Amino acid sequence: MKKNGMTNKRKFHPQIEKLICLVLFTLMMTDGMAVNPTQKNEPDYQVGKKYAFPKSKPNIITDPSGSLNPFLTQLNELEEKTRSLLTITHIGDSHIQADFETGMVRKLLQERFGNAGRGLVVPLKLAKTNEPLSYRITSSQEWTAVRCIKPGPVPFGIGGMALQYTDVLADISIRLTEDSSLNIPAFNECTVFYDTETSEIVLPDSSTVTRRKKLNRYAEQFILKDPQSSFDFGFYSPDQKNILFYGALLKNGRPGIIYNAIGINGAHYFEYAAGSLFIEQLSSLQTDLFIFSMGINEAYDKNFTADKFYQQIDSLIQQVRANNPQAVFLLTTPAESWKKSGKQRIPHPSIEIARNTIVKYAEDHQMAYWDLFAITGGKGSARSWTKNALFSRDGVHFTKEGYEYQGELLGEAVFKLKIKN
């Protein structure tokens, strides 16, 4: 208020004025500084390169029932160093086999929560198909391969496939060609998945191993004396029974995340569900979170129906859940792709039906889902993938950049998750 034309200013004790100034200065200095991640409104990670996808939905994982709470608690425990290991297993088709998408998610999560090793490696090249660039599995022998999409005389195993060789001896060499562990040797533990009843493993140099232990009929664990980026061994079958090899699990003994990727070109839900040995061996991974990314091959089938697809999803999920009661689940939807129509191509109408079916299944069973279809523009978004040069020529598969972009989106969506009360 004014008195006699002058402002009547209220005076404070000099010490109180100094205290007020100090508080105001502190508030000014801390304004805009980083806050605790749990208090931030923005995601902990944001996709680096932006692409134009009109009508896109927010990049979030939908989990209204909080089914992923155990997984999120485990992530917090990793950060707080009260937990040493968390295992994710991502199962899918050709979009997963090359490991471009899953490799990006693995990189992002391990950078944040710790790198516990490469995880599952599968001898895809020996099966005469494409293998991820991060490892090489070689042999002097020609093996016969069985994959889930083409059943054979022996059952397929943990990687959706099996290698068969009938003779006395066979050799295998596993080598990592990429190491994201900051020049720390890649692994000091190797679990080999093979049939221990028809053959045994022999080592060219047993001094490199300090302990070996059979975990079950189909898994033997080797603890290495020193961390290595390669492991060589042989199979010995004196009676020339079938030598059966499925893959290996590589760990480095450090705290963090193992991100396993299992992908077979052309795979469907029902084909994995038909593999009793596959289901049995999956439990050896001790998975905390399963991610399922399929649906596009089903949508391209001539006899595709939503009801049949729903049942196929259920068959696989229920079997995996029964054998892995500790695990939680995340379903993902496929992005829209093209379909040939005469000499032209159109957005495939069944992809949206597959997407809707996956979302319905997840909602019916109180499961989390990541709707890539809607996140990247929904109906008609195949045009956006093409305009952004993220599709390969067939309009079904993506370029390396396209897959890595999907991996970045999934990683960002995971970082946005918060525990629901």
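In every chain, residue numbers begin from 1 and rise along the written sequence. Note on the predicted model: pLDDT of at least 70 is required for a residue's local features to be given, and 80 or more for side-chain atom pairs to be given and counted; whole-chain, interface and lining totals, by contrast, use all residues. Water and hydrogen atoms play no part in the side-chain values, which are based on all heavy atoms of the structure.

Enquirer: Would you mind going over unusual backbone geometry with me for this structure?
Expert: Across the chain, the bulk of peptide bonds are trans and the bulk of non-glycine residues have phi less than zero. Here D99, not a glycine, exhibits a phi torsion of approximately 70 degrees, which is positive. Helix numbering and strand numbering both begin at the N terminus, where a helix is a DSSP run of H or I of at least 4 residues and a strand a DSSP run of E of at least 2. Looking at the element boundaries, D99 is found in the loop between α3 (94–97) and α4 (100–113). Note on exposure labels: buried denotes an accessible area under 20% of the residue type's maximum, exposed denotes more than 50%, and partly exposed covers the range between, all computed with a 1.4 Å probe on protein chains only. Residue class for D99 comes out buried when judged on its relative accessible area of 8%. Although it is not a glycine, Q240 adopts a positive phi angle of roughly 55 degrees. Take Q240: it is sitting in the loop between β14 (230–236) and β15 (242–251).

Enquirer: What exactly am I supposed to notice about the pattern of salt bridges here?
Expert: Pairs can form between side chains of opposite charge whenever their charged atoms are close. Salt bridges are defined by distance alone: a side-chain nitrogen of Lys or Arg within 4 Å of a carboxyl oxygen of Asp or Glu. Applying the stated criterion across every chain, the model contains 15 salt bridges. Between R212 and E220 there is a salt bridge, and its shortest N-O distance comes to 2.8 Å. Connected through shared salt-bridge partners, E77, R83 and D288 make up one network.

Enquirer: Would you mind going over the packing of α4 against helix α12 (residues 400–416) with me for this structure?
Expert: When two helices pack together, their arrangement is captured by the angle between the axes and the distance separating the axes. Running from N to C, α4 and α12 point in directions that differ by 40 degrees, and their axes come no closer than 7 Å. Note on packing geometry: the crossing formed by α4 with α12 is right-handed. In contact with F100, E101, M104, V105, L108, L109, R112 and F113 of α4, α12 contributes K400, Y403, E404, Q406, G407, E408, L410, G411, V414 and F415. Fitting a line to C-alpha atoms yields each axis, with helices limited to the stretch in contact; the angle taken between N-to-C directions then spans 0 to 180 degrees. For any helix crossing, the convention is left-handed if the near helix is rotated counterclockwise from the far helix by under a right angle, and right-handed if that rotation is clockwise. Contacts are assigned to residue pairs with any non-hydrogen atoms lying within 4.5 Å of each other.

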